[in-house]
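# Architecture at a glance
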Amino acid sequence: MLALQPLLTRPALQVDLAEVDVMLVTHFHLDHCAAVPYVTGHTSFRGRVLMTHPTKAIVHTLLRDFVKVSRGGTGAVWGR
Ligand SMILES: [Zn+2]
């Protein structure tokens with residue numbers, strides 16, 4: 001979301017995510033993988049999310065840590 005959201009909201013670059021078949025996460029940096037929960041949970045995207053095995057191995061840990069740090073290091077993670 002961090003890098004993708006500005007692109008999705010610009011009128012000239014709007015993309016109908018319902019028409020997108022695949023989201024490719026090139027690597028685990030947050031500017032790439034942090035968009036996955038937003039796109040899969042809050043848009044019309046219903047395609048497949050592809051990433052390398054090393055990225056898949058670490059992405060959940062990174063996202064949980066990102067949410068925890070964003071919330072000041074305390075409190076619930078992922079709505080719990
Ligand atoms: Zn990167």
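Quantities reported herein were computed from a predicted structural model and do not represent experimental measurements.

Cut-off values and rules
Residues numbered from 1 in each chain as written. Predicted model: local features only at pLDDT ≥ 70, side-chain atom pairs only at ≥ 80, totals over all residues. Heavy atoms only, no water. Patch = residues over 30% accessible without salt bridge, like charges linked within 9 Å, V, L, I, M, F, W, Y side chains within 5 Å. Areas by Shrake-Rupley, 256 points an atom, 1.4 Å probe, with all protein chains shown as cover. Salt bridge = Lys/Arg side-chain N within 4 Å of Asp/Glu carboxyl O. Helix = DSSP H or I, 4+ residues; strand = E, 2+ residues; numbered from the N terminus. Buried < 20%, exposed > 50% of the residue type's maximum accessible area, 1.4 Å probe, protein only. Pairing = 2+ DSSP bridges. Core = buried A, V, L, I, M, F, W, Y, C linked by side-chain atoms within 4.5 Å. Donors = N, O, S within 2.8 Å, 3.2 Å for Na, K, Ca; no water. Polar contact = N/O pair within 3.5 Å; in protein donor to acceptor, adjacent residues only side chain to side chain. Contact = heavy atoms within 4.5 Å. Expected span 1.5 Å × (residues − 1). Bend = angle between axes of the 7 residues up to and from the residue.

This part takes up a nonpolar patch on the surface. On the surface, a cluster of nonpolar side chains totalling about 260 Å² of accessible area is made up of Val22, Leu24 and Leu50. Tracing the chain through its elements places Val22 in strand β1 (residues 22–25).

Once that is clear, we can look at the pairing of β1. Side-chain alternation along β1 places Met23 and Val25 on a buried face and Val22 and Leu24 on a face that remains uncovered. The pairing of β1 with strand β2 (residues 48–51) spans four bridges and is classified as parallel. Pairing of Val22 across the sheet is with Arg48, part of β2.

Turning our attention to the nonpolar core. Of all hydrophobic cores here, the largest spans 11 residues; its members are Leu17, Met23, Val25, Cys33, Ala34, Ala35, Val36, Val39, Phe45, Val59 and Leu63. The biggest single contributor to this core is helix α3 (residues 35–42), with three residues.

With that settled, consider the coordination of the zinc ion. Angles at a metal have ideal values that depend on geometry: 109.5 degrees with four tetrahedral donors, 90 or 180 degrees with six octahedral donors. Donor atoms from the polypeptide that coordinate the zinc ion comprise His27 (NE2) and His29 (ND1), at 2.1 to 2.2 Å from the metal. Residue His27 is classed as partly exposed on the basis of its relative accessible area of 28%.

Inspection of the secondary structure assignment puts Thr55 in helix α4 (residues 53–70). Residue classification places Thr55 among the buried residues on the basis of a relative accessible area of 2%. One polar contact links Thr55 to Thr52, side chain to side chain, over a distance of 2.9 Å. Those residues in contact with Thr55, other than ones at most four positions away along the chain, are Val25, Thr26, His27 and Phe28.

Attention now moves to α4. Taking 1.5 Å per residue as the helical rise, α4 with its 18 residues ought to reach 26 Å, and the 26 Å between its terminal C-alpha atoms agrees with that figure. Val59 marks the point of greatest bend in α4, at about 35°. Contacts from the buried residues of α4 go to β1, α2 (30–33), α3 and β2. Once α4 ends, the next one or two residues include Gly72, with phi positive near 85°.

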